[in-house]
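Descriptive structure summary
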Amino acid sequence: MLNIIIFGAPGCGKGTQSKLIIKKFGLKHFSTGELLRKEIEEKTELGVEADKYISKGNLVPDEMIINVIINAIQKLDANCKGIIFDGYPRTVKQAEELEKLMYKLGKSTTILIDLKVPKRELINRLLIRGKTSGRSDDNLETIKKRLDVYETKTTPVNEFYQSLNKYAAIDGLGTVEEVFGRIEAKLNE
Ligand code: B4P
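None of these values were measured; they are calculated from a predicted model.

1. Here's the deal with the overall build of the chain
The number of helices and strands found in the chain is nine helices and five strands. Written out in order from the N terminus, the α and β elements of the chain read β-α-β-α-α-α-β-α-β-α-α-α-β-α. Computed over its C-alpha atoms, the radius of gyration of the chain comes to 16 Å, within 12% of the 16 Å expected for a compact globule of 189 residues. For the chain, the spread of C-alpha atoms along the three principal axes comes to 40 × 40 × 30 Å. Relative to its full complement of 189 residues, the chain shows a buried share of 46%. Carbon and sulfur atoms provide 51% of the accessible area of the chain, an area that totals close to 10,100 Å².

Here it is as structure tokens:
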């Protein structure tokens, strides 16, 4: 099984690259961002609560997201070729819980792909996306906050996976196809 974590700052291209990886490797997509946006759209109890954090550029609390993940992974078809975790884990606590759960299910994460993109480019991409996305978090003030939160709360996750020897940094600059080519080469190693 190929179980990939696609990781990086807001706007680095996690969602974009996930779609290409799924097409090529036949994996199940698992995006906590998409999942939460669906809950927000449907105005569920979880969605209403999550929106309070997301619209301000904060992460939703670990307890809220970890249960969502546990339910979703347990529902997965046992015969699937693998999973792509897009936007999860975003804290060391989430990473620890993911590793525990995978172990319990007799599975393991294969690699964390860390997409590296300079801050100026990230802001630029998210402002462009904001023109059409209708997302409450794609505006300059919230983007800056999200980047700060990424630095303080999320970057320690890459050290966690480096210590497990499951880490690869990939240059996320260039066309979508160029970035995918680099990821594909790494996954084929
Ligand atoms: P996410 O939905 O995960 O999204 P993201 O970080 O904003 O973007 P992503 O990296 O996927 O960028 P994309 O491909 O769209 O998270 C949203 C929010 O949900 C979080 O801020 C947080 O509040 C909450 N959340 C989610 N998971 C959580 C968790 N586990 N714990 C707590 N809270 C959680 O690319 C961005 C733009 O760039 C697109 O418009 C794309 O077209 C463009 N682009 C992509 N690649 C490009 C390239 N190579 N060149 C030029 N443009 C490119």
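2. Some details on unusual backbone geometry
Looking along the chain, the bond that leaves Y88 and enters P89 is cis, with omega of 5°. Relative to the helices and strands, P89 is located in the loop between β3 (83-86) and α5 (92-104). Positive phi, normally seen in glycine, also occurs at K43, with a value near 50°. Checked against the element boundaries, K43 lands in the loop between α2 (32-41) and α3 (45-54). Of note in the backbone geometry, N165 takes a positive phi value of approximately 65° without being a glycine. Along the chain, N165 turns up in the loop between α8 (156-163) and β5 (167-171). A relative accessible area of 72% means that N165 is categorised as exposed.

3. Quick word on the site of the ligand
Surveying the vicinity of the ligand reveals 29 residues, the closest of which are T16, T32, R129, R146 and G174. Within the side chain of T16, a nitrogen or oxygen atom sits 2.7 Å from an oxygen atom of the ligand. Here the ligand, which alone exposes 1,000 Å², has 86% of that area covered by the protein. Listed by contribution, the elements that provide at least two residues to the shell around the ligand are α1 (14-25), α2 and α6 (119-133). Here the shell around the ligand gets four residues from one element, more than from any other, and that element is α2. By residue class, the composition of the shell around the ligand is ten nonpolar, eleven polar and eight charged.

4. Here we look at the packing of α1 against helix α9 (residues 176-187)
For any two helices packed against each other, one specifies the inter-axial angle together with the distance between the axes. At a closest axis distance of 10 Å, the pairing of α1 and α9 adopts a crossing angle of 50°. Taken together, the axis directions place α1 and α9 in an arrangement best described as oblique. The element α1 and its partner α9 pack so that their crossing is right-handed. On the side of α1, the interface is formed by T16, Q17, L20, I21, K24 and F25, while α9 contributes V176, V179, F180, I183, E184 and L187. Residues belonging to the contact of α1 with α9 are distributed by class as follows: eight nonpolar, two polar and two charged.

5. Focus on the nonpolar core
Counting residues in hydrophobic clusters, the biggest one holds 49 residues, and the most contacted among them are I4, I21, I113 and I183. In terms of residue count, helix α4 (residues 62-74) provides more of this core than any other element does, six residues in total.

6. Re the pattern of salt bridges
Should their charged atoms come close, side chains of opposite charge can pair. Inspection of every chain in the model, using the stated rule, returns 15 salt bridges. Of the charged contacts in the structure, one is a salt bridge between E49 and K52, with a shortest N-O distance of 3.0 Å. Placement of the pair is E49 and K52 together in helix α3, with a separation of three residues, close to one helical turn. E49 gets classed as partly exposed once you look at its relative accessible area, which sits at 28%. Residues joined by salt bridges that share partners form a network here, namely R129, R135, D137, D138 and R146.

7. Some details on the packing of helix α7 (residues 140-154) against α8
Running from N to C, α7 and α8 point in directions that differ by 35°, and their axes come no closer than 6 Å. Contacts from E151, T152, K153 and T154 of α7 reach α8 at P156, V157 and N158. Of the residues in the contact of α7 with α8, the class split is two nonpolar, three polar and two charged.

Definitions and cut-offs
Residues numbered from 1 in each chain as written. Predicted model: local features only at pLDDT ≥ 70, side-chain atom pairs only at ≥ 80, totals over all residues. Heavy atoms only, no water. Helix = DSSP H or I, 4+ residues; strand = E, 2+ residues; numbered from the N terminus. Rg over C-alpha atoms; globule rule 2.2 N^0.38 Å. Buried < 20%, exposed > 50% of the residue type's maximum accessible area, 1.4 Å probe, protein only. Areas by Shrake-Rupley, 256 points an atom, 1.4 Å probe, with all protein chains shown as cover. Near = heavy atom within 4 Å. Polar contact = N/O pair within 3.5 Å; in protein donor to acceptor, adjacent residues only side chain to side chain. Nonpolar A, V, L, I, M, F, W, Y, C, P; charged D, E, K, R; others polar. Axes fitted to C-alpha atoms, helices over the stretch in contact; angles between N-to-C directions. Parallel < 35°, antiparallel > 145°, perpendicular 65-115°, else oblique. Left-handed = near helix turned anticlockwise from the far one by under 90°. Contact = heavy atoms within 4.5 Å. Core = buried A, V, L, I, M, F, W, Y, C linked by side-chain atoms within 4.5 Å. Salt bridge = Lys/Arg side-chain N within 4 Å of Asp/Glu carboxyl O.

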